[in-house]
Amino acid sequence: MFDVPADMVASHVKATTSVRCMNGAVWLCNYGANLSCGKADASRQSPGADRFCKQNPDSIGVPMSATGHATVYDWKCVGRDARIIGQIVEIDGRGFIAENWKQLE
């Protein structure tokens, strides 16, 4: 379901998987490198991006290490101000990053 290596220990997969319900179904998210299983951050303000842009004026991109991996937006710096370029992921009906969650069959 999550394309984890076949030799990965089942207890590790179990320990790194979140479970929730939505629309009468069970949904699973496996934490991985840079994957957020928590609520999506749809705020149009990012203190992390603001700090990054003050230190890196006119940067063409703001790394997720500054914005957080739950952001749904792509950011850049216009001068010393953080601006949204566009939305990079969709949010599901409960406010989570849709592509990170799989419905249990």
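Our subject is the structure that appears above.
Position labels on residues start from 1 in each chain and follow its written sequence. With pLDDT at 70 or above as the cut-off, local features in this predicted model cover only qualifying residues; side-chain atom pairs require 80 or more to be listed or tallied, and sums for whole chains, interfaces and linings still use all residues. Calculated side-chain values reflect all of the structure's heavy atoms, with hydrogen atoms and water omitted.

Caption draft 1: Seen up close, the overall build of the protein chain. Looking only at helices and strands, the protein chain features 3 helices and 5 strands. Computed over its C-alpha atoms, the radius of gyration of the protein chain comes to 16 Å, more than 25% above the 13 Å expected for a compact globule of 105 residues. Over its C-alpha atoms, taken along the principal directions, the protein chain stretches across nearly 50 × 30 × 15 Å. Across the 105 residues that make up the protein chain, the buried fraction comes to 33%. Counting every atom, the protein chain has about 6,700 Å² of accessible surface; 53% of that belongs to carbon and sulfur. Looking at the protein chain, you have 11 positive and 11 negative side-chain charges, and the mean spots of the two groups are 7 Å apart. Runs of E in the DSSP output that reach at least two residues are strands. Runs of H or I that reach at least four are helices, and both are numbered from the N terminus. As a reference, a globule follows 2.2 Å times the number of residues to the power 0.38, and the radius of gyration itself is taken over C-alpha atoms. Relative accessibility thresholds used throughout: buried, under 20% of the residue-type maximum; exposed, over 50%; partly exposed, between the two (1.4 Å probe, protein chains only). Exposure was quantified through the Shrake-Rupley algorithm and a 1.4 Å probe, taking into account, for residues, occlusion by the shown protein chains and nothing else. None of His or the chain ends enter the tally, which takes Lys and Arg as positive and Asp and Glu as negative. Charged groups are reduced to one reference atom each: NZ for lysine, CZ for arginine, CG for aspartic acid, CD for glutamic acid.

Caption draft 2: Structural view of the packing of aromatic side chains. Put simply, two rings from Phe, Tyr or Trp (the six-membered ring, in Trp's case) pair if the centres are within 6.5 Å, and we call them stacked under 30 degrees between planes, edge-to-face over 60, tilted for the rest. Scanning the model with the defined rule gives 2 aromatic pairs in all. Consider the rings of Tyr73 and Trp75, whose centres lie 6.4 Å apart with planes at 90°: the pair is edge-to-face. Judged by its relative accessible area of 3%, Trp75 is buried. When the ring of Phe96 is compared with that of Trp101, the centres are 5.4 Å apart and the planes differ by 70°; the resulting orientation is edge-to-face. One exposure class covers both Phe96 and Trp101, and it is buried. Placement of a charge over a ring requires the Lys NZ or Arg CZ to be within 6 Å of the ring centre, with the centre-to-atom vector within 35 degrees of the ring normal. In this structure, Arg20 packs its charged tip against the face of Trp101, placed 4.2 Å from the ring centre. Over the ring of Tyr73 we find Arg44; its NZ or CZ atom is 5.3 Å from the centre of that ring.

Caption draft 3: Up close: a nonpolar patch on the surface. Only residues whose relative accessible area exceeds 30% and that take part in no salt bridge are eligible for patches, with like-charged residues grouped when within 9 Å of each other and nonpolar side chains (Val, Leu, Ile, Met, Phe, Trp, Tyr) grouped when within 5 Å. Any Lys or Arg side-chain nitrogen found within 4 Å of a carboxyl oxygen on Asp or Glu counts as a salt bridge. Nonpolar side chains collect at one region of the surface, where Val19, Val26 and Leu104 lie side by side and expose about 240 Å² of accessible area between them. Secondary-structure assignment places Leu104 in the segment after strand E5 (102-103). Exposure remark for Leu104: the relative accessible area of 43% places this residue in the partly exposed category.

Caption draft 4: Broad picture of the state of the cysteines. Cysteine sulfur atoms that pair up within 2.5 Å are treated as a disulfide. Summed over the entire model, instances satisfying the criterion amount to 2 disulfides. Cys29 shares a disulfide with Cys37; S-S distance 2.0 Å. On the S-S bond that ties Cys29 to Cys37, the torsion sits near -75°, and the link is left-handed. We classify Cys29 as buried; its relative accessible area is 0%. Paired by a disulfide, Cys53 and Cys77 hold their sulfur atoms 2.1 Å apart.

Caption draft 5: Here's a closer look at unusual backbone geometry. For Asn23, which is not a glycine, the phi torsion comes out positive at approximately 55°. Examined against the element boundaries, Asn23 turns out to sit in the loop between strand E1 (17-22) and strand E2 (25-30). Judged by relative accessible area, Asn23 falls into the exposed class, the value being 75%. The phi dihedral of Asp58 is positive, around 65°, even though this residue is not glycine. Examined against the element boundaries, Asp58 turns out to sit in the loop between helix H2 (47-55) and helix H3 (64-67).

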